[in-house]
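Descriptive structure summary
Letter by letter, the chains look like this.
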Amino acid sequence: MYRQAQWSEPVIFSLGKAGRVGHILPSVEEDVKKAVGDLYGLIPEKMRRENPLRLPELSEPEVVRHFMRLSEMNYGVDSGIYPLGSCTMKYNPKINEALANMPTIGLVHPYQDERTVQGILEILYKLERWLAEITGTAEVCLQPAAGAHGEFLGACLIRAYHKHKGELGKRQDILIPDSAHGTNPASAAMAGFNVVVIPSNDNGCVNVEALRAAVSDKTAGLMLTNPNTLGIFEQNIEEIAKIVHNAGGLLYYDGANLNPILCKVRPGDMGFDIVHINIHKTFGTPHGGGGPGAGPIGVSEELAKFLPVPRIVFDGKSYRLDYDRPHTIGKIRGFYGNVAVLVKAYAYILSLGFDGLKEVAEVSVLNANYVLHKLKALDGLTLPYNSEKPKKHECVFSVKPLKNKTGVSALNIAKRLLDYGVHAPTIYFPLIVEEALMIEPTETFEKEELDRFVEAIREICREAQTNPEKVLKAPYNTAISRLDEAKASHPKTMALSWRMYQKKQAAANP
Amino acid sequence: MSEIGVKSIEELYADIPEKYFLKRSLNLPNALSEFEVKKHIEALLSKNKTCADMPIFLGAGCWPHYVPAVVKEIVQRSEFLTSYTPYQAEISQGMLQALFEYQSMICELTAMEVANCSMYDWASALGEAVRMASRVTKRNEVLIPKIIHPERKATLQVYAEPAEINVKEVAYNRETGQLSLKDLEGKISEKTAAVYIENPSYLGFIETQAEEIGEIAHAHGALFIVGVDPTSLGILKPPGEYGADIVIGEAQPLGNPMNFGGPLLGIFACRDDQNMVRQMPGRIIGLTTTVDGGKQGFCMALQTREQHIRREKATSNICSNEALCAVASTVYMALLGSKGLRELGETIMYKANYAMHLLSKIDGVKAPVFKSPHFKEFTVNFDGAGLKVVNIHEALLQRGIHGGKDVSKEFPELGETALYCVTEIHSKREIELLAKTLEEIVAER
Ligand SMILES: Cc1ncc(COP(=O)(O)O)c(C=O)c1O
């Protein structure tokens, strides 16, 4: 079995010693000091820091040891299979990291003269073209920092479109299936829309009749993930698109699940007007423990004029940043996007080409169906919705039968899996599956690693029958045993910073 | 395939209507080997000029600072780099602890009690902060300074408009750049959800009446939001000590490269007030214990604010954030410590003020425009020399120096003015070269 490192590593504030410094800054020459005079005299007294900072003070080796130990208590894609459904945790090629870390990106300022940044502008411009080609859209904007940021931008574009047509006043509804990711309704609401939830049918797809009943002249648009979060392709997409378009609404594509259809089917060809891409899922850039990612969006020609400034333009000789866009919605962040992440996506596409990307899609689907096939045979798991049909990149099992029989829930399975050195699948999502285990193996894990995962689930199901207590108390082999998550959010015990913790401690032990 | 009983991959795609399948190959590059990819990208990137090739005096929201080797080493650890958001806390303690330490250090710098583990950047953090203030106060107007980064203002407008929040600008004193308290008093009302200032301001001066501004905001029941450049907080009073309710800012300069403007790292912190904390956007890591109470550990806290639970009622839609950049900043702050951060602030301020001192001696050049203390950025006006910023820029570039950002279109009332930035990476020799070169350019006119 797996054993994660178990360092009892104190919070960094309890390490080190007053006066230690781990990094020496460039010095200030005496004549500079003389010319400037009394530095603190320049700052009015009421704006000077009076209370000394209370940051930890460590030597360089202490800092290194601390963070090395922390890293050893973390699990990544390089540690083993990470089948988090919806997150597309694929291998992140090392060469892409090396390239994105070059000083010729790192040391470039965004406001440099365009003549001094032609290389990076060319990369971004070409990446826009490639992503437009892959998504079947007219223009791509690289600026959003993540998928949800792309959704927010997309929803703002829907706003701008209806406003331009003088219909924003009445078009207040965004329709979203009940299987959608939480960011979809949250983004629509942030952009000022009402969220209308569309139920799924027995096949796990959008209930077309319910959709037909929900659209009206209040409809601003529909947000859809296809294949959806059950890993099922929305077969009625043509009809769905027609219903929404006929009602005057726009179609938004949540690209979190683009991986299984890469270079085979394009959202633009299915009728979507706006498409976001999770670069950190589909295009193999690392998730970094939560970010940074990138969430470019592609749009139809009609919507391109609303995109944020600047747009990267090419006149055949050189690249330029164009701010002169009278219909632009403005900005959704500073500068041009998560450039260092986007460079990795450029390298990824360049390494794979059309055929390689298509193979990515196909192997991801094959792997998902292989795992599905193996797990279906297990007692205690069911596969709700269209269980006989092949899925795309992911499959969602319910462990409700097992739970009813043994008390072992999806959460317990997830925790026990960690003991096997296997990351847990996504659990309790999508919401329309009870006790959901959402499994996305991705294309970058070979049969042996998939078998290891399946074997672990099989053993846990067996253990749930023979020794449920053992499963309920998992994990055992991780850096720490089961945590009390409720305590972290309870007003009495909540400690969201070292400062807050110390204040609470002091109050408790006067 | 044989195990799952299909003969071809196509069978697994049989449910997709035939008409949607691509009938052609896409216009994408041919696949290259790793060596060729490397050559190709290196060649393209070598067309870029960097701040190692020439001195660059640009700031304005993304700043050149040195990133220590240790920071790069730690954030390349693949256990951090290739992990997802730490949903499974027990196997992700390393990332969770690092992010808790980040939040804690941000709290120390800003003198606040609660910080989230990142926003996309300062601009989007401003949008989120204003929306949060509007939810907390149930009011729908925000007052911002006229001197603000135009991209932050534009971002704020996109975030504020759907929430029906009006954004109003407060004038500044032409002599000093300081926010006009008179104009503030005139505009603030019982509709004001928040008053926002930046310190140091977009144009580099220190807003010295911050405390009074906060008092005016509070007297009218509004929240006080302060945007910061954290490299100043080793020497400047932290916003928590002059009344800030929410502190935002940009932590890129703490250990993250410029990367042509992204990724960045939005700071978001607030006071320990349950009404506010429950309205915060973004992920927050909290301290907890094991179920048996035996050991301290870390996990995500207050998830009921977030989109995966609250959906359309969430405090924000943010999901993926800038976690690894936050780890970089944590390592950076740990390396510098209290003493190092104070020294960083001093070094920057010495060097920037030395640059102002030299430039202001040039005939026809005014540096800075405003009679106020400046931290790391400052305005340089060329009206007295009868020169345009674009021409100065061109002449500097020809001599291998990249001048500051042209702000004469953003603030026409300031004439031909550029915003210059000097940090610890600018040597005395480079600063003197800038002054000497500018002097020559002005003399040649
Ligand atoms: C289906 C779906 N949509 C949207 C998102 C949001 O993407 P991001 O985390 O990049 O903001 C996710 C992320 O998990 C997702 O799975």
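Check the entry above for the structure.
Residues numbered from 1 in each chain as written. Chains lettered and ligands numbered in written order. Predicted model: local features only at pLDDT ≥ 70, side-chain atom pairs only at ≥ 80, totals over all residues. Heavy atoms only, no water.

What follows covers unusual backbone geometry. It is generally the case that most residues other than glycine have a negative phi and that most peptide bonds are trans. A cis amide bond links Asn199 of chain B with the next residue in sequence, Pro200 of chain B, at an omega value of -5°. Following the sequence through the fold, Pro200 of chain B ends up in the loop between strand S4 (192-199) and helix H9 (210-219). The linkage connecting Gly262 of chain B with the following residue, Pro263 of chain B, adopts the cis geometry, with an omega of 0°. Assignment of secondary structure puts Pro263 of chain B in the loop between strand S6 (246-250) and strand S7 (266-270). One non-glycine residue with positive phi stands out, namely Cys263 of chain A, at about 60°. Mapped onto the elements of the fold, Cys263 of chain A is located in the loop between strand S5 (250-254) and strand S6 (274-276). On the basis of relative accessible area, Cys263 of chain A is assigned to the buried category, the value being 2%. (Helix = DSSP H or I, 4+ residues; strand = E, 2+ residues; numbered from the N terminus. Buried < 20%, exposed > 50% of the residue type's maximum accessible area, 1.4 Å probe, protein only.)

Under the defined criterion, the tally for this structure stands at 0 disulfides over all chains. With no disulfide of its own, Cys62 of chain B has Cys421 of chain B as its nearest cysteine by sulfur position, at a separation of 9.7 Å. (Disulfide = S-S within 2.5 Å.)

The next subject is the site of the ligand. Taken together, 15 residues are adjacent to the ligand, and Ser86, Asp254, His280 and Lys281 of chain A together with Ser320 of chain B come closest. Chains contributing residues near the ligand are chains A and B. When contributions to the shell around the ligand are tallied by element, the ones reaching two or more residues are helix H7 (147-164) and helix H11 (279-282) of chain A. Here the shell around the ligand gets 3 residues from one element, more than from any other, and that element is H7 of chain A. Partitioned by chemical class, the residues of the shell around the ligand number 5 nonpolar, 7 polar and 3 charged. (Near = heavy atom within 4 Å. Nonpolar A, V, L, I, M, F, W, Y, C, P; charged D, E, K, R; others polar.)

This brings us to the interface of chain A and chain B. Opposite the 196 residues of chain A that make contact, chain B presents 188 residues. With both sides pooled, the region where chain A packs onto chain B buries about 17,000 Å², and carbon together with sulfur makes up 63% of that total. Here chain A is connected to chain B by 16 salt bridges. Glu90 of chain B is the salt-bridge partner of Lys415 of chain A, the closest N and O atoms lying 2.6 Å from each other. Inspection of the region where chain A meets chain B yields 100 residue pairs in polar contact (both at pLDDT 80 or more). Per-class residue counts for the side of chain A that touches chain B are 109 nonpolar, 47 polar and 40 charged. (Contact = heavy atoms within 4.5 Å. Buried area = accessible area lost by both parts, 1.4 Å probe. Salt bridge = Lys/Arg side-chain N within 4 Å of Asp/Glu carboxyl O. Polar contact = N/O pair within 3.5 Å; in protein donor to acceptor, adjacent residues only side chain to side chain.)

Along the chain, Asp121 of chain B turns up in the loop between strand S1 (114-115) and helix H6 (122-137). Buried charge Asp121 of chain B goes without a salt bridge, the closest partner of opposite sign being Arg333 of chain A at 4.5 Å. A polar atom in the side chain of Asp121 of chain B sits 3.4 Å from the backbone nitrogen of Ala123 of chain B. Sequence-distant contacts of Asp121 of chain B, that is, excluding residues within four places in its chain, are made with Arg333 and Gly334 of chain A together with Glu250, Leu264, Leu265 and Gly266 of chain B. (Lys, Arg positive; Asp, Glu negative; His and termini not counted.)

Counted by the stated rule, this structure contains 23 aromatic pairs over all chains. Look at Phe57 of chain B and Tyr420 of chain B: their rings are 6.3 Å apart centre to centre, the planes differ by 35°, and that puts the pair in the tilted class. Residue Phe57 of chain B is located in the loop between helix H2 (34-45) and helix H3 (69-75), and its partner Tyr420 of chain B is located in strand S12 (residues 417-421); the two are separated by 363 residues in the primary sequence. Since its relative accessible area comes to 0%, Phe57 of chain B is described here as buried. Among the residues examined, Tyr420 of chain B registers a relative accessible area of 2% and is labelled buried. Ring-pair connections join several aromatic residues into one group, and the members of that group are Tyr111, Phe335 and Tyr336 of chain A together with Phe260 of chain B. One residue, Arg152 of chain B, lies across the ring of Trp122 of chain B, its end atom 3.5 Å from the ring centre. Positioned over the ring face of Tyr111 of chain A is Lys405 of chain B, at 4.5 Å from the centre of the ring. (Phe/Tyr/Trp six-rings, centres within 6.5 Å; stacked < 30°, edge-to-face > 60°. Lys NZ or Arg CZ within 6 Å of the ring centre and 35° of its normal.)

Helix length check: helix H12 (residues 323-359) of chain B (37 residues) gives 40 Å between terminal C-alpha atoms against 54 Å at 1.5 Å per residue, more than 12% under. A large share of H12 of chain B lies buried, amounting to 33 of its 37 residues. (Expected span 1.5 Å × (residues − 1).)

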